[in-house]
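The primary structure of each chain is shown beneath.
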Amino acid sequence: MTTRSTPVHARWVRLTHWVAAASVVALAFSGVEILMVHPRLYWGEVGNDLTPPILELPISRNHRHGGWTTPAPLLDGPGAPVSAGRTFEIFNQNGWGRSLHFLAGWMLVAAGLFYVLAGIIAGHFRRHFLGGREALSVAALWRDLRAHLRGFVPLPTGGPDYGPLQRISYVVVIFLVAPLLVLTGLTMSPAVAAAAPVLLDLFGGHQSARTLHFAAFAVLMLFFVAHVVMVIRSGLGRQVRAMTVGDRT
Amino acid sequence: MTARPRLVTRREALVAGVAAGGGVLLGGCTRPTPPTYGSLLRLGDNFTYLAHRTLLPGESLVREYSHADLTSFPAVGTINPASAKRAEVAGTYRRWLASDFGEWRLSVTGSVARPGTWSLAELKRLPSRTQITKHVCEEGWTAIGEWTGVPLSRVLDAAGLQPSARFVTFKSLDRRYDSIDLLDALHPQTLLAYGMNGRDLPVAHGAPLRLRVERQIGYKSMKYLTELIVTDDLDDGGARGYPKNGWAWYNGI
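All of these numbers come straight from a predicted model, not from anything done at the bench.

A. Focus on a nonpolar patch on the surface. Residue and element names in this part refer to chain A. A cluster of nonpolar residues, Trp18, Val25, Phe224, Val225, Val228, Val229, Ile232, Leu236 and Val240, forms a patch on the protein surface that exposes about 730 Å² of accessible area. Those elements that place two or more of their residues in the nonpolar patch are α1 (11-37), α9 (206-233) and α10 (236-244). Per element, the largest residue contribution to the nonpolar patch is five residues, and it comes from α9. One can find valine 25 in helix α1.

B. Representation of the environment of B:His187 in the model. Residue and element names in this part refer to chain B. Relative to the elements of secondary structure, histidine 187 occurs in the loop between α6 (182-185) and β7 (191-196). Looking at histidine 187, the relative accessible area reads 4%, which means it is buried. Dropping the residues within four chain positions of it, histidine 187 is found in contact with Gly58, Glu59, Ser60, Leu61 and Arg215.

C. Local environment of the packing of helix α6 (residues 164-187) of chain A against α9(A). Residues and elements named next belong to chain A. Running from amino to carboxyl end, α6 crosses α9 at an angle of 150°, the nearest separation of the two axes being 9 Å. Of the possible angle classes, the one that applies to α6 and α9 is roughly antiparallel. Between α6 and α9 lies a crossing whose hand is left-handed. Together, Ser169, Tyr170, Val173, Val177, Leu180, Leu181, Thr184, Gly185 and Thr187 of α6 and His206, Ala209, Leu212, His213, Ala216, Phe217, Val219, Leu220, Phe223 and His227 of α9 make up the contact between the two elements.

D. Region of the structure containing the pattern of salt bridges. All names here are of chain B. The tally for this structure, following the rule as stated, stands at 20 salt bridges over all chains. For lysine 171, the salt bridge goes to glutamate 227, with nearest N and O atoms at 4.0 Å. With lysine 171 in strand β5 (residues 167-172) and glutamate 227 in strand β10 (residues 225-231), this pair connects stretches of sequence that are 56 residues apart. Classification of lysine 171 by relative accessible area gives buried; the value is 19%. Residue class for glutamate 227 comes out partly exposed when judged on its relative accessible area of 27%. Between arginine 215 and aspartate 184 there is a salt bridge, and its shortest N-O distance comes to 3.4 Å. Here arginine 215, found in the loop between β9 (210-212) and β10, pairs with aspartate 184, found in helix α6; they are 31 residues apart in sequence, far enough to count as distant. A residue is classified by how much of its surface remains accessible, and arginine 215, at 6% relative accessible area, is buried.

E. Quick look at the environment of B:Ser99. Residues and elements named next belong to chain B. Tracing the sequence through the fold places serine 99 in the loop between α3 (87-98) and β1 (106-110). We classify serine 99 as partly exposed; its relative accessible area is 25%. When the C-alpha positions of serine 99 and threonine 78 are compared, they lie 21 Å apart, and in sequence the two are 21 residues distant. There is a polar contact of 3.0 Å between the side chain of serine 99 and the backbone nitrogen of glutamate 103.

F. Local environment of empty space enclosed by the protein. Inspection of the entire model under this criterion finds three cavities of 30 Å³ or more. Volume-wise, the largest cavity comes out at about 170 Å³. Looking at the lining of the largest cavity, the elements that each hand over two or more residues are α7 (190-195) of chain A together with β3 (129-136) of chain B. Top element by residues in the lining of the largest cavity is β3(B). It accounts for four residues. Taken together, the residues of the lining of the largest cavity sort by class into ten nonpolar, eight polar and four charged. The space that makes up the second largest cavity amounts to roughly 80 Å³. Lining the second largest cavity we find 13 residues, and of these A:Ala191, B:Arg53, B:Leu56, B:Pro57 and B:Arg215 sit closest to its centre. In terms of residue class, the lining of the second largest cavity is made up of six nonpolar, four polar and three charged.

G. View of the interface of chain A and chain B. At the junction of the two partners, chain A supplies 50 residues and chain B supplies 54 residues. Buried area between chain A and chain B, summed over both chains or domains, comes out near 4300 Å², and the portion from carbon and sulfur atoms is 62%. Three residues, A:Leu74, A:Trp106 and A:Pro190, lead the burial of chain A against chain B; their summed loss comes to 15% of the area buried on that side. One can count four salt bridges joining chain A with chain B. With a shortest N-O distance of 2.6 Å, A:Arg86 and B:Glu139 are connected by a salt bridge. Viewed at the interface, chain B and chain A are joined by 29 residue pairs in polar contact (both at pLDDT 80 or more). The dominant element in the side of chain A that touches chain B, judged by the number of residues it contributes, is helix α2 (residues 94-121) of chain A, at 13 residues. Of the residues assigned to the side of chain A that touches chain B, the class counts are 30 nonpolar, 13 polar and seven charged.

Each value, and the rule that gives it
Residues numbered from 1 in each chain as written. Chains lettered and ligands numbered in written order. Predicted model: local features only at pLDDT ≥ 70, side-chain atom pairs only at ≥ 80, totals over all residues. Heavy atoms only, no water. Patch = residues over 30% accessible without salt bridge, like charges linked within 9 Å, V, L, I, M, F, W, Y side chains within 5 Å. Areas by Shrake-Rupley, 256 points an atom, 1.4 Å probe, with all protein chains shown as cover. Salt bridge = Lys/Arg side-chain N within 4 Å of Asp/Glu carboxyl O. Helix = DSSP H or I, 4+ residues; strand = E, 2+ residues; numbered from the N terminus. Buried < 20%, exposed > 50% of the residue type's maximum accessible area, 1.4 Å probe, protein only. Contact = heavy atoms within 4.5 Å. Axes fitted to C-alpha atoms, helices over the stretch in contact; angles between N-to-C directions. Parallel < 35°, antiparallel > 145°, perpendicular 65-115°, else oblique. Left-handed = near helix turned anticlockwise from the far one by under 90°. Polar contact = N/O pair within 3.5 Å; in protein donor to acceptor, adjacent residues only side chain to side chain. 1 Å grid on protein atoms, 1.4 Å probe; cavity = no way out; pocket = protein on both sides within 12 Å on 5 of 7 lines; lining within 4 Å. Points joined across faces, edges and corners; volume = space filled by probe spheres on them. Nonpolar A, V, L, I, M, F, W, Y, C, P; charged D, E, K, R; others polar. Buried area = accessible area lost by both parts, 1.4 Å probe.

Written out as structure tokens, the structure is:
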């Protein structure tokens, strides 16, 4: 057995993996609840029931509930902004929903920062994301893509010997999707947006950030499903053992 | 094998670094926080509060917009106290409306040198501030409105804060009970607003007087204000307050 060619997952990789996994499940659950309270998406700074959405999601009784009092103008003149009150008791569990979302968010940020710092210091990214020239070639990527499309699943290595597509998906999720989720989330915080208004400019406003937050969530869920499917197809028991106790057998 | 001890050293350095980062936040632990009522979620809310107070600059202002940016604005929560289920709330509000809010008073008590009451006319004689800001509702929507009112700090100055004062507690006609710390209370954009979009504050938006706490979520901007109590200790309102009812006391996130 050559330890160098088939390394096991480092203890800090296993630990941060499961903290992140638990956080993502809690974030997805509470995030869907939060979206159900206002299942409308907008672009720009402002969006509410009295302004047009770019997308309405039929995911709760709040979808197009239509229970509004007659709109009253808030300014003089035609086409003035209006105000209206609800005559419909909406679904709203944001008390626990938001608090769980932020609690899990803090956990994910802590685990994520630890993972990225440790990954740089321990050379994890250098060795397992960038290392092994042959895995980074176009030919290898093409081979890997065709193998995946044919449904061929390689045996699990029980360690960080990631394939080309696997590397790409990890890099996209860790260095693109996760930071986008965190930054768009922070943009929606009135206290953070006051301290760093550049976030509002970066994403085109509060509601644009909210829409992008949802889009990034959708990509993350695609990754989540693909990840779990690949873990199951390549040997669930062995993969889970490798990611918990760090066993290669 | 020679690489091993070096790797451990790096790992130890990393752990030390993370611990030092946590130590920065621990500095905020002397700050009073609302009770958690045994809930991990409330503990998370308190962590957010400490993190914001430790990491964010206290003086930052929210972005202000132009008149052309004003948008439609839903009114949620209580929108007409005159038709409230509680007879005393409805009765009181009808009397206020009949007197054009001449009978309305705001009481200012607690840790102040000069407790007293303010009529609407008296508040309007104080220097005012008008700001066009974005309201961020916990439900997920936003709206831009123009608010005119007296900065809360002016009223607190007039009352004379005692050196022991740390929080401002608010009560409303529709029986809401909430508080903010002095950092938010003395913030230049924290208003006691009596005007919206250049007109008197509409009934649905909290007439005659509502709070604007711009760096927190909309529900902290209490409508139909009646009482303002300056306190030395944090008063979350107990059974009437937000934390006990499952909502965060600090909601700047």
